[in-house]
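Examining the three-dimensional arrangement
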Amino acid sequence: MPRTTTPPAIEIGLAAAIVAFSGGQPHILTAETDDGDATPGLPYGPFDPLKHRTFEIGLRAWVAEQTALSLGYVEQLYTFGDRGRQAEIRVTGPHVVSVGYLALTRAPTLAAHAAFRPWYSFFPWEDWRAGRPAVLDAVLLPLLSEWAQDKAAEQAEQDRRALSRQQRLATCFGVGGAPWDEEKTLERYELLYDAGLAYEALRDRRPEALDHAPALGQAMRFDHRRILATAIGRLRAKLKYRPVVFELMPDAFTLTALQNTVEAISGRHVHKQNFRRLVESAALVEPTGTMTRTAGRPAALFRYRREVIAERPAPGLRVGGRTMGAV
């Protein structure tokens with residue numbers, strides 16, 4: 001008779017990547033915990049089917065409790081359940097499967113134990129607004145190139161990877177003439193994790209090597225940086241076919257403020273005149289008839305045209321293309 005084993009208990013966690021825009025930067029909301037770990041993490045908590053009728057209701061409840069924030073726009077991202085994601089914290093506890101969410105908000109009043117942090121502090125290689133990020137050539141690409149040239153290790157993982165290490169490097173990081181795709185935020189983080197360069201990879205697999213981890217962005221608790229990478233990629237893609245950027249804008253705004261927000265989210269510079277032509281042709285905004293003072297001459301204020309949702313199926317801002325930063 002075959003031996004039977006009791007399967008491990010499963011706990012469903014709910015994690016929220018909550019994005020706001022202020023001071024010219026996209027920010028992500030982090031929440032402190034009472035376990036003494038100072039590593040930043042997303043607001044999260046377990047799903048309780050006795051209290052929460054749906055996952056989203058549970059998520060909103062946890063966010064309100066931990067941050068005093070009442071969420072508006074929310075969408076489910078992905079389910080994260082890799083083994084070992086929380087082993088360093090709960091070796092004998094249940095296996096946690098996290099359901100990640102993307103939420104957008106305007107600058108709110110928060111509880112004392114919650115704070116917004118610039119999301120590029122977690123992913124410095126993703127910000128191309130002022131040109132090619134220095135960390136790519138100074139640190140990241142030399143280490144990845146060395147990893148990609150390890151033929152023995154690549155042979156050992158051949159049965160579980162459709163692409164070679166060199167192909168993954170080219171596709172994710174625009175090496176060898178390939179384009180840089182700003183939507184591949186998650187794929188780039190996963191490559192860094194597989195290469196053992198992300199702090200979380202060392203923490204999960206080789207904690208004795210943490211003192212020698214390269215400085216590649218601020219780490220996060222558990223797999224929260226993986227969830228955040230998924231949220232960034234999703235939001236960058238949605239900018240192009242849905243008017244989600246207006247969830248981050250005030251009721252009235254200048255076109256310069258709108259451009260700054262789009263650039264900050266996408267991580268790329270957009271030519272001013274091209275952007276204004278794009279906004280006008282998309283008919284996403286309309287003038288309010290009022291002006292505001294700026295450092296220069298007064299600027300016209302605009303508002304979002306909500307009617308555009310009924311006028312066409314994909315009213316987004318298709319800025320730029322996947323051509324940045326090939327090396």
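Read on for an overview of the structure.

So, how was this worked out
- Residues numbered from 1 in each chain as written.
- Predicted model: local features only at pLDDT ≥ 70, side-chain atom pairs only at ≥ 80, totals over all residues.
- Heavy atoms only, no water.
- Core = buried A, V, L, I, M, F, W, Y, C linked by side-chain atoms within 4.5 Å.
- Buried < 20%, exposed > 50% of the residue type's maximum accessible area, 1.4 Å probe, protein only.
- Helix = DSSP H or I, 4+ residues; strand = E, 2+ residues; numbered from the N terminus.
- Contact = heavy atoms within 4.5 Å.
- Salt bridge = Lys/Arg side-chain N within 4 Å of Asp/Glu carboxyl O.
- Polar contact = N/O pair within 3.5 Å; in protein donor to acceptor, adjacent residues only side chain to side chain.
- Expected span 1.5 Å × (residues − 1).
- Bend = angle between axes of the 7 residues up to and from the residue.
- Phe/Tyr/Trp six-rings, centres within 6.5 Å; stacked < 30°, edge-to-face > 60°.

Attention now goes to the nonpolar core. In terms of nonpolar packing, the biggest core is built from 66 residues, with W125, L144, F173 and L258 touching the most fellow members. Considering every element that reaches this core, the biggest residue donor is helix 2 (residues 134–148), with 7 residues. Once residues lying within four places of it in the same chain are set aside, the contact partners of L144 are L169, F173, L191, L192, A195 and L197. A16, V63, V74 and Y101 belong to the second largest nonpolar core, which has 14 residues in total.

Under the definition given, this model contains 17 salt bridges. Residue R234 pairs with E75 through a salt bridge whose shortest N-O separation is 2.5 Å. You can see R234 sitting in helix 7 (residues 224–238) and its partner E75 sitting in strand 4 (residues 73–80), a full 159 residues away along the chain. Take R234: its relative accessible area is 24%, and that puts it in the partly exposed class. Ionic pairing is found between E182 and K240, a salt bridge with its closest N-O pair at 3.0 Å. In this pair, E182 is assigned in the loop between helix 4 (165–173) and helix 5 (185–194) and K240 in the loop between helix 7 and helix 8 (255–266), connecting sequence segments 58 residues apart.

What follows covers helix 5. Within helix 5 the residues assigned to the buried category are T185, R188, Y189, L191, L192 and Y193. Structurally, helix 5 contributes buried residues whose contacts are with helix 2, helix 4, helix 6 (199–205) and helix 7. One or two residues past the end of helix 5 sits G196, with phi positive at roughly 75°.

Turning our eyes to something else, we now look at the side chain of T261. In this structure, T261 sits in helix 8. On the accessibility criterion, T261 (0% relative accessible area) is buried.

This paragraph deals with the environment of R129. Turning to its location among the elements, R129 is positioned in the loop between strand 6 (114–118) and helix 2. Here the alpha-carbon distance between R129 and I265, two residues 136 residues apart in the chain, equals 10.0 Å. Ignoring anything within four residues of it in the chain, the contact list for R129 reads G24, Q25, Y120, E263, A264, G267, R268 and H269. At 2.9 Å, the side chain of R129 and the side chain of D127 are in polar contact.

What follows is about helix 2. An α-helix turns once per 3.6 residues; consequently, residues spaced three or four apart project the same way. Taking 1.5 Å per residue, 15 residues should reach 21 Å; helix 2 reaches 21 Å between its end C-alpha atoms and fits that length. Within helix 2, the axis deviates most sharply at L140, by approximately 45°, and proline P142 lies no more than four positions further along. Turning to helix 2, its buried residues number three or more, namely V135, L136, L140, L141, L144, W147 and A148. Next to the buried residues of helix 2 lie helix 3 (151–156), helix 4 and helix 5.

Once that is clear, we can look at the packing of aromatic side chains. The full count for this structure, using the stated rule, is 11 aromatic pairs. With 5.5 Å between their ring centres and 85° between their planes, Y44 and F222 make a pair best called edge-to-face. Taken together, the residues Y44 in strand 3 (residues 44–46) and F222 in the loop between helix 6 and helix 7 connect sequence positions 178 residues apart. Y44 gets classed as partly exposed once you look at its relative accessible area, which sits at 24%.

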